[in-house]
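Close look at the chain arrangement
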Amino acid sequence: MSSFVLDKESFVRRIKRLYTEWKAPSTGHDDALSNLDCIMSVVGVDEDVIYSKSMALQLWLLGYELTDTISVFASDAIYFLTSKKKIEFLKQAQNISEEGVPEIKLLVRDRTDKDQANFEKLIKTIQNSKKGKRLGVFTKDAFPGEFSEAWKKMLTASKFEHVDISTIIAYLMCPKDEAEINNIRKASLVSMEIFNKYLKDEIMDIIDSDRKVKHTKLSDGCEAAIGEKKYTSGLDPRLLDMAYPPIIQSGGAYSLKFSAAADKNHLHFGVIVCSLGARYKSYCSNISRTFLVNPTEAMQENYTFLVNVQEEILKLLIPNSKLCEVYEKTLAYVKKEKPNMVDNLTKSFGFAMGLEFRENSIVIGPKCQALIKKNMVFNLHVGISNLTNPDAADKEGKTYALFIGDTVLVGDTAPASVMTPSKKKIKNVGIFIKDDDDEEEDVDDKKATKPDQSTEILGRSKRNAVLDSKLRNEINTEEKRKEHQRELAQQLNERARERLAKQGNSKEVEKVRKNTVSYKSMSQIPREPEVKELKLYVDKKYETVIMPVFGIQVPFHISTIKNISQSVEGEYTYLRINFFHPGATMGRNEGGLYPQPEATFVKEVTYRSSNIKEHGEVAAPSANLNNAFRLIKEVQKRFKTREAEEREKEDLVKQDTLILSQNKGNPKLKDLYIRPNIVTKRMTGSLEAHTNGFRYISVRGDKVDILYNNIKSAFFQPCDGEMIILLHFHLKYAIMFGKKKHVDVQFYTEVGEITTDLGKHQHMHDRDDLAAEQAERELRHKLKTAFKSFCEKVEAMTKAQVEFDTPFRELGFPGAPFRSTVTLQPTSGSLVNLTEWPPFVITLDDVELVHFERVQFHLRNFDMIFVFKEYNKKVAMVNAIPMNMLDHVKEWLNSCDIRYSEGVQSLNWQKIMKTITDDPDGFFEQGGWTFLDPESGSEADNESAESEEDEAYNPTDAESDDETDEDDSEYSEASEDESDDSDELGSDEESGKDWSDLEREAAEEDRNNDYATDDKRNGKFESKKHGKSSKHSPSKSSKDKYHNRDKHHSSSSSGHKSSGKDKDRKRSREDSRDNGHSKSKKSRH
């Protein structure tokens, strides 16, 4: 905890306040503090405890919660007993030398004697403080745990007189200083944001759309909203939390208490009572409101009266007034204005609030004698319950309640200031449902917008515009490219053979499974009763299961157990234990996992035990099997987790130590997010360049060091056309943080809003929108300048050891290296996608060659395979690259002097690379990488022959054929690559013509053609079509085009639901296909 900073000023001020009150108590609430000899508090570990006086005192003094810590406040010294890490943090307080602050002494926990020596020191300290008899404690605080229990026993044995100081300490902490008030203001602001921007809008939407939503779902939504940036007013989400589960009540069941919980009933459109509160840095806030749906005049009158009552209480909250007097005056006001409401009022009108949500001893009630002081914060709430609405249409609306509450701050004069000033008048909380006439108008508006949408869909441009607009001089470019590739192919095989010859026959050493031993000697075997009674026993210490086999207890290490299963059949319970043995798994190199694979192995063991408990037995015999089953699972999980962590760490390369530069002018960027996240929650931090590396420090204090000599590639991607601006480091060796290894580390910040509010009516000349756009442009420019300046300073400081590469966006092309399609952008030495996570980074110097798969011109996509110079490394694959980008990608690779090849099939690269690595000499003797393009020599001849044949056929309706060719490629691609289906929705609409239109055109074309005279030409065309397909020739008759299109569409749409319209289209295509076959037969005979 050395990275956490203690607020020394606040610590000194509050310690002085505590000791001053102890020595000379101020009148007002309770003088029990002056009679004490010593004060003690202990904070244990209990996640279920949210609020306690011990924790509140610790947070008030130190600003942080320190678990398993004992604090003793003696008359002349303050003692803290805690762990070593927490002592490092507390050392900041040890050096304080201020008048009125006692000496601070720190004791480090000693686990060897279970802190007995430390406990004795603390007991002596208490005994030496004043009279050493009366000890101030928080009697209601009871933390579980070995540490807390041991200290309690020591205290009990010492026989001190315990005095509860909960009330006086609460009163001491009640007046807030400026820092505490600011924290409560921020918490109140978040409460208002969640209430106004989330809960209120959500309730309005539910009522408007007449949905059924449970109270619990609304409550859960409020809790989730506190983690969203748009509701937190720019505050750190790690410091925010809900003060209590949000309470939503409606439908006649109301409990106007903060201990109530949202039930599972659906939201009733009548009276809706809502309460929620946020915490910031452990300081609480609250806001309570009531929504009235179509309220009657009487309900509106009652609600207005309740608002007036709250305003009356605000006037009474002035310093030096007693809280009971405030209550009595408020009650008198209600009796005067509406005497019939007195019995319906809540029993109290609020309570003090701060580090604890509710301070039970400081309540605006009839019995509290506490004096109000300046800067006290109250949760001021007032409610009326059990009211009746005789005009209600349903039973749930007959009974209702009204409730309002705010966080208020007591000032010098009345009234107290409201820290949650959300509007609460009847015009702000009354919901009056409109008539159906308005809804009909909305429907008409929606209908009016439909033609615009369809026009937009039909107005899209043709996809293959790039291919259709090829120029004639590209033929010369293609020839030059092929010539260059032939030169690269010759160099490739020569260089690869030389490189492999230098590497020698170095093969990976097979990893032998660690031979685990349960017990090295008989003395380590446990002497438990279960072992002696020949029962199953799980030894957690040595991770061993001791099983009875033929009357002998045999230990089996947990690593030998593959899995276990338990079943109950009749009166017996069966436990089956399966072991690892040769042949159990079909993986590679299985033999290396077993030191003696030829030995005899136990495959499985089954135990049976009775479920019937005999007379006199504590439990049934099967209890042993049930317990063993549970413990084996537990130990197995722990063992596997530890092994996984060891595997992560085993091949890590040890990094140098970062040398920190004390120069204040170090290049530094603030408010950056890191990817991958250090913890589950995303958090910001700062990146600073030091002497030999970068250091990133998150706001929580987590550190990530990246050394310059471990950076393989560094990238700076500006925010042009992107929603984030980033720095990315691709490392030579993985580094460890967040319990995982990472080769890619990225630091980024968001630019502008990533989400768009679709509910907002957009207008081109909206001043708010124009101002927002201008602000975003300025922010982009500012961020780009800051990042560019950082990169330049780092390059100058490291003398170009680290050079930042920027992707060329204009050279980018779409592809799917992982699950989703992204934009891949070349840099001067890499191919990257850095925006989406996980990132894709290919260093071109590591690439041996690139192979294109599925290059067929009736497909719309192809795949790209990167083969690395290190043949043992797995090949990288990019799927679903559009076919119209093929020439673009080839040109880029050719300019980078990278050899590429292409083929129509997808290859099994795992087998190919294994064949090469097993016999590299034989591979290169047989021609090496030339096997990827065996027909390269005859490619030119084939293409020229195809072009001649294409010229022999000229269709009468060229425009129709172009469009059908385009659709044909769409359906063919869909059958080959289903991953791109989501991007290709609406392909029929984009072509501009429906199936019925295309069939009508085909029928007209068939009638216009003379089959007797064109019989020879059609026969020639059909024989060519079945032989091969060409890229530029419309080489299919309209009848066969429909046949092929139907085939591709049906194969691609398997597994997807089709609408009625799609079914009609499919049926019409099948009819067309049948007609096409019959006509083709006529033309042949």
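Structure first, text after, so check above.
Described in the following lines is the structure provided in the data block. Remember, predicted model here, so these are calculated numbers, not experimental data. (Residues numbered from 1 in each chain as written. Predicted model: local features only at pLDDT ≥ 70, side-chain atom pairs only at ≥ 80, totals over all residues. Heavy atoms only, no water.)

Notes on the overall build of the protein
Applicable threshold: Where helices and strands are cited, they refer to DSSP runs of H or I of at least four residues and of E of at least two residues respectively, numbered from the N terminus. Only protein chains enter the accessibility calculation, which uses a 1.4 Å probe; a residue is then buried when its area is under 20% of its type maximum, exposed when over 50%, and partly exposed in between. Every residue pair with non-hydrogen atoms within 4.5 Å of one another is taken to be in contact. All accessibility values rest on the Shrake-Rupley procedure with a 1.4 Å probe; residue burial counts only the protein chains present in the view.
Tallying secondary structure elements over the protein gives 27 helices and 40 strands in all. Taking all 1085 residues of the protein together, 46% fall into the buried category. The long-range fraction of contacts in the protein, counting pairs at least 24 apart against all pairs at least 6 apart in sequence, stands at 67%. With the model as given, the accessible surface of the protein reaches about 59,100 Å², and the carbon-plus-sulfur share is 49%.

Points about the nonpolar core
In globular proteins that are soluble, nonpolar side chains generally tend to be buried together. Under the convention used in this document: Only buried residues count toward a nonpolar core. Its members are Ala, Val, Leu, Ile, Met, Phe, Trp, Tyr and Cys residues joined through side-chain atoms within 4.5 Å.
Judged by nonpolar contacts, the single largest core of 130 residues is most densely connected at L199, L317 and F378. Take this core: its biggest share by element is 12 residues, from helix α7 (residues 178-209). Residues F694, I711, V745 and F787 belong to the second largest nonpolar core, which totals 31 residues.

Thoughts on the environment of P548
Turning to its location among the elements, P548 is positioned in strand β20 (residues 544-549). In this structure, the C-alpha to C-alpha distance between P548 and Y537, residues 11 residues apart in sequence, is 9.2 Å. Not counting chain neighbours up to four residues away, the residues in contact with P548 comprise L534, K535, L536, Q553 and Y607.

With respect to the sheet that holds strand β33 (residues 813-815)
Selection criterion: Two strands make a pair as long as DSSP finds a minimum of two bridges between them. Only C-alpha atoms enter the line fits that serve as axes; for helices the fit covers just the stretch in contact. Angles between N-to-C directions range over 0 to 180 degrees.
The antiparallel open sheet is built from 4 strands, whose spatial order is β33-β34-β35-β36. Each edge of the open sheet is held by one strand with a lone partner, namely β33 and β36 (840-843). Ignoring which end each strand starts from, the neighbouring axes of this sheet average 25° apart. In the sheet, strand β35 (residues 830-833) pairs with β36 via 4 bridges, with the strands oriented antiparallel. The residue bridging S830 from the neighbouring strand is T843, located in β36.

A short note on the side chain of S188
Following the sequence through the fold, S188 ends up in helix α7. Judged by relative accessible area, which is 0%, S188 ranks as buried.

A look at the packing of helix α1 (residues 8-23) against helix α6 (residues 166-173)
Applicable threshold: When describing relative orientation, an angle under 35 degrees is termed roughly parallel and one over 145 degrees roughly antiparallel, while 65 to 115 degrees is termed roughly perpendicular and anything else oblique. It is the rotation of the near helix from the far one that decides the hand of a crossing: anticlockwise by less than a right angle makes it left-handed, clockwise makes it right-handed. As a working rule, the residues Ala, Val, Leu, Ile, Met, Phe, Trp, Tyr, Cys and Pro are called nonpolar, Asp, Glu, Lys and Arg charged, and the rest polar, with Gly in that last group.
With their axes 11 Å apart at the nearest point, α1 and α6 run at an angle of 130° to one another. Considered as vectors, α1 and α6 are oriented oblique to each other. Remark: the crossing between α1 and α6 carries right-handed chirality. On the side of α1, the interface is formed by R17, L18 and E21, while α6 contributes I169, L172 and M173. Residue composition of the contact of α1 with α6, grouped by class: 4 nonpolar, no polar and 2 charged.

Topic: the packing of α1 against helix α2 (residues 53-62)
In a packed pair of helices, the relevant descriptors are the angle between the two axes and the axis-to-axis distance. The interhelical angle for the contact between α1 and α2, taken along N-to-C directions, is 125°, at an axis separation of 7 Å. As far as their axial angle goes, α2 and α1 are oblique. Across the interface between the two elements, F11, R14, I15 and R17 from α1 touch W60, L61 and L62 from α2. Among the residues making up the contact of α1 with α2, the classes are represented as 5 nonpolar, no polar and 2 charged.

A few points about the environment of S83
Structurally, S83 is set in the loop between β3 (77-82) and α3 (84-94). Note: C-alpha distance between S83 and T67 (16 residues apart in sequence) is 9.2 Å.

Re unusual backbone geometry
In this structure, P415 follows A414 across a cis peptide bond, with omega equal to -5°. Inspection of the secondary structure assignment puts P415 in the loop between β16 (399-409) and β17 (417-418). The omega torsion across R675 and P676 is -5°, close enough to zero to call that bond cis. Of note, P676 is situated in the loop between β25 (668-675) and β26 (684-689). In the Ramachandran plot, L534 falls in the positive-phi region, its phi being about 55° despite a non-glycine side chain. Relative to the helices and strands, L534 resides in the loop between α15 (529-532) and β19 (537-539).

What about α1?
Since the α-helix turns once every 3.6 residues, residues separated by three or four places project in the same direction. Note the following rule: One less than the number of residues in a helix, times 1.5 Å, gives the span that helix is expected to have.
Its 16 residues place the ends of α1 22 Å apart at the C-alpha level, agreeing with the 22 Å of an ideal helix rising 1.5 Å per residue. What α1 keeps buried is the set S10, F11, V12, R14, I15, L18, Y19, E21 and W22.

Here's the deal with helix α18 (residues 886-895)
Listing the buried residues of α18 in full gives L886, V889, K890, W892, L893 and N894. Where α18 terminates, the next one or two residues include D897, which has phi positive at roughly 60°.

Concerning the pattern of salt bridges
Defined as follows: Salt bridges are counted wherever a side-chain nitrogen of Lys or Arg sits within 4 Å of a carboxyl oxygen of Asp or Glu.
Taken as a whole and assessed by the stated rule, the structure comprises 38 salt bridges. We note a salt bridge from R238 to D236, for which the minimum N-O separation is 3.1 Å. With a relative accessible area of 24%, R238 lands in the partly exposed category. Between D720 and K784 there is a salt bridge, with the nearest N and O atoms lying 2.7 Å from each other.

Things to note about the packing of aromatic side chains
For the record, the criterion: Any Phe, Tyr or Trp ring, taking Trp's six-membered ring, that has another such ring centre within 6.5 Å forms a pair; planes under 30 degrees apart are called stacked, those over 60 apart edge-to-face, and the others tilted. Geometrically, a charge over a ring is one whose NZ (Lys) or CZ (Arg) sits within 6 Å of the ring centre while staying within 35 degrees of the ring normal.
Counted by the stated rule, this structure contains 33 aromatic pairs. Geometry around Y871 places R499 over its ring, the cationic atom sitting 5.8 Å from the centre. Its end group placed over the ring of Y572, R608 keeps NZ or CZ at 4.0 Å from the ring centre.

Examining the pairing of strand β23 (residues 572-579)
Both strand β22 (residues 561-569) and β23 contribute to a ladder of 8 bridges, which runs antiparallel. Paired with V568 across the two strands is T573, which belongs to β23. Here β22 folds back onto β23, and the loop between the two strands holds 2 residues, one of which, G570, carries a positive phi near 65°. Taken together, the 7 bridges between β23 and strand β24 (residues 604-610) define a ladder with antiparallel strand orientation. Bridge pairing in β24 links T573 to S609.

A word on the sheet that holds β19
Adjacent strands of a sheet pair through backbone hydrogen bonds, lying either parallel or antiparallel. What the 3 strands build is an open sheet, ordered β19-β20-β21; its pairing is antiparallel. In the strand order of this sheet, the two ends are held by β19 and β21 (552-557), each with one partner. Within the sheet, the average angular offset between the axes of one strand and its neighbour, ignoring direction, is 30°. The sheet contact formed by β19 and β20 spans 3 bridges and is antiparallel. Its bridge partner lying in β20, Y537 is registered against I546.

Treat this as a map of the structure, not an account of what it does.
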